[in-house]
Amino acid sequence: MDRVEIPLFPLQAVLFPGGPLPLRIFETRYLDLVRRCLREETGFGVVLIREGQEAGGPALTFDTGTYARIVDFSQHPDGLLGIEALGERRFRILERRRERDGLNVAEVQWLPPESEALLPPEFAEIGPALAHALDQAGEPFASLGRRLDSAAWVSARLAEVLPLPMVHKQHCLE
């Protein structure tokens, strides 16, 4: 079983492979994380918070998340760092720990990717409907590369943009 250690970014959001994640970074531990990811060309794990808060203290998270890589960054007018990350692959947390600076780190196992099944013909109308919804949702979805013939890609984007409770989105990710 392959185990790898990655930094975690607990959020009140669920990220799917292929999905965009815009973030505003202000905590020192996450500014350091972004610097390290850019320098080492690595990513971080995004996990949904089960109990706790995004900023400040510790948070209890779900065990399944998505590894993300930073694809762009900018300085916001308010002085905060903005990053755009893209979900790559799912993982399951095997062990976790908290570093002295408060950064959560975990040993994870990569989960198999979704199968590359085509969207079945009986659902052909979902692709154009999703494209319209992504255009209406604006950035970062409007400029997202599209795979409207992929059942996995379409289902992940639907789970992202539909107004579902986060726990339901988490179940879709799992």
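Residues numbered from 1 in each chain as written. Predicted model: local features only at pLDDT ≥ 70, side-chain atom pairs only at ≥ 80, totals over all residues. Heavy atoms only, no water.

Novice: Just to check I follow, could you spell out the overall build of the protein chain for this structure?
Specialist: Of the regular secondary structure elements, the protein chain holds 4 helices and 7 strands. For the protein chain, the α and β elements follow one another from N to C terminus as β-β-α-β-β-β-β-β-α-α-α. Taken over 174 residues, the protein chain has a buried fraction of 40%. Contacts spanning at least 24 positions in sequence make up 64% of the contacts within the protein chain whose residues lie at least 6 apart. Roughly 9,700 Å² of accessible area belongs to the protein chain as shown, and the carbon and sulfur atoms make up 54% of that amount. For the protein chain, the distance from the average position of its 19 positive side-chain charges to the average position of its 26 negative side-chain charges is 5 Å. (Helix = DSSP H or I, 4+ residues; strand = E, 2+ residues; numbered from the N terminus. Buried < 20%, exposed > 50% of the residue type's maximum accessible area, 1.4 Å probe, protein only. Contact = heavy atoms within 4.5 Å. Areas by Shrake-Rupley, 256 points an atom, 1.4 Å probe, with all protein chains shown as cover. Lys, Arg positive; Asp, Glu negative; His and termini not counted. Charge placed at Lys NZ, Arg CZ, Asp CG, Glu CD.)

Novice: How should I be thinking about the pattern of salt bridges in this particular structure?
Specialist: Between side chains of opposite charge, pairing is possible as soon as their charged atoms come close. Within the structure shown, the criterion is met by 14 salt bridges. Between R3 and E95 there is a salt bridge, with the nearest N and O atoms lying 2.7 Å from each other. On the criterion of sequence distance, the pair formed by R3 in the segment before β1 (4-11) and E95 in strand β6 (residues 81-98) is long-range, its members being 92 residues apart. Judged by its relative accessible area of 48%, E95 is partly exposed. Taking the shortest distance from any N to any O, the salt bridge between R97 and E5 comes out at 3.1 Å. Note that R97 is positioned in strand β6 and E5 in strand β1, a separation of 92 residues in sequence. Assessed through its relative accessible area of 45%, E5 is described here as partly exposed. Here the residues in one salt-bridge network are R3, E95 and E107, joined through shared partners. (Salt bridge = Lys/Arg side-chain N within 4 Å of Asp/Glu carboxyl O.)

Novice: Can you walk me through the pairing of strand β3 (residues 43-52) in this structure?
Specialist: Both faces of the sheet carry side chains from a regular strand, because those side chains alternate between them. Buried residues dominate β3, accounting for 7 of its 10 residues. Across 4 bridges, the pairing between β1 and β3 is parallel. What sits directly across from P10, in β3, is V47. Where β3 meets strand β5 (residues 64-75), 4 bridges bridge the pair, whose relative direction is antiparallel. Note that in β5 the partner of F44 across the bridge is A68. In this structure, β3 lies alongside strand β4 (residues 59-61), joined through 3 bridges in antiparallel fashion. Looking at β4, one finds that E51 is bridged to L60. (Pairing = 2+ DSSP bridges.)

Novice: I'm lost on the nonpolar core in this one. Help?
Specialist: What tends to happen in soluble globular proteins is that the nonpolar side chains get buried as a cluster. If you look at the biggest cluster of nonpolar residues, it comprises 19 residues, and the most contacted ones within it are F9, L23, I25, F44 and I83. Of all the secondary structure elements, the ones that give two or more residues to this core are β1, β2 (20-25), α1 (28-40), β3, β5 and β6. Grouped together as the second largest cluster of nonpolar side chains are 8 residues, I6, Y67, F91 and V108 included. (Core = buried A, V, L, I, M, F, W, Y, C linked by side-chain atoms within 4.5 Å.)

Novice: Could you clarify how one ought to interpret the environment of N104 in this entry?
Specialist: Relative to the helices and strands, N104 resides in strand β7 (residues 104-110). Among the residues examined, N104 registers a relative accessible area of 13% and is labelled buried. Through-space distance from the C-alpha of N104 to that of P22 is 20 Å; in sequence the pair is 82 residues apart. Those residues in contact with N104 that lie beyond four places of it in its chain are I6, P7, L8, P10, R29, Y30, R97 and R98.

Novice: Looking at this model, I keep getting lost on the environment of D78. Mind explaining?
Specialist: Checked against the element boundaries, D78 lands in the loop between β5 and β6. Sequence separation of D78 and F62 is 16 residues, and the distance between their C-alpha atoms is 32 Å. At 3.0 Å, the side chain of D78 forms a polar contact with the backbone nitrogen of L80. (Polar contact = N/O pair within 3.5 Å; in protein donor to acceptor, adjacent residues only side chain to side chain.)

Novice: Help me understand the packing of aromatic side chains, please; the structure alone is not making it clear to me.
Specialist: Two numbers describe a pair of aromatic rings. These are the distance of the centres and the angle of the planes. Taken as a whole and assessed by the stated rule, the structure comprises 4 aromatic pairs. An angle of 15 degrees between the planes, with centres 4.0 Å apart, marks the rings of F9 and Y30 as stacked. A residue pair is termed long-range when its members are at least 10 positions apart, and F9 in strand β1 and Y30 in helix α1 qualify at 21 residues. Since its relative accessible area comes to 6%, F9 is described here as buried. Judged by centre distance (6.4 Å) and plane angle (80 degrees), the rings of F91 and W110 are edge-to-face. Note that F91 is positioned in strand β6 and W110 in strand β7, a separation of 19 residues in sequence. Using a relative accessible area of 0% as the deciding quantity, one classes F91 as buried. Put simply, the rings of F9, Y30 and F44 touch in pairs and so form one group of aromatic residues. Across from the ring centre of F62, 4.0 Å away, lies the NZ or CZ of R50, which sits over that ring. Taking NZ or CZ as reference, R157 lies 5.0 Å from the ring centre of W153, over its face. (Phe/Tyr/Trp six-rings, centres within 6.5 Å; stacked < 30°, edge-to-face > 60°. Lys NZ or Arg CZ within 6 Å of the ring centre and 35° of its normal.)

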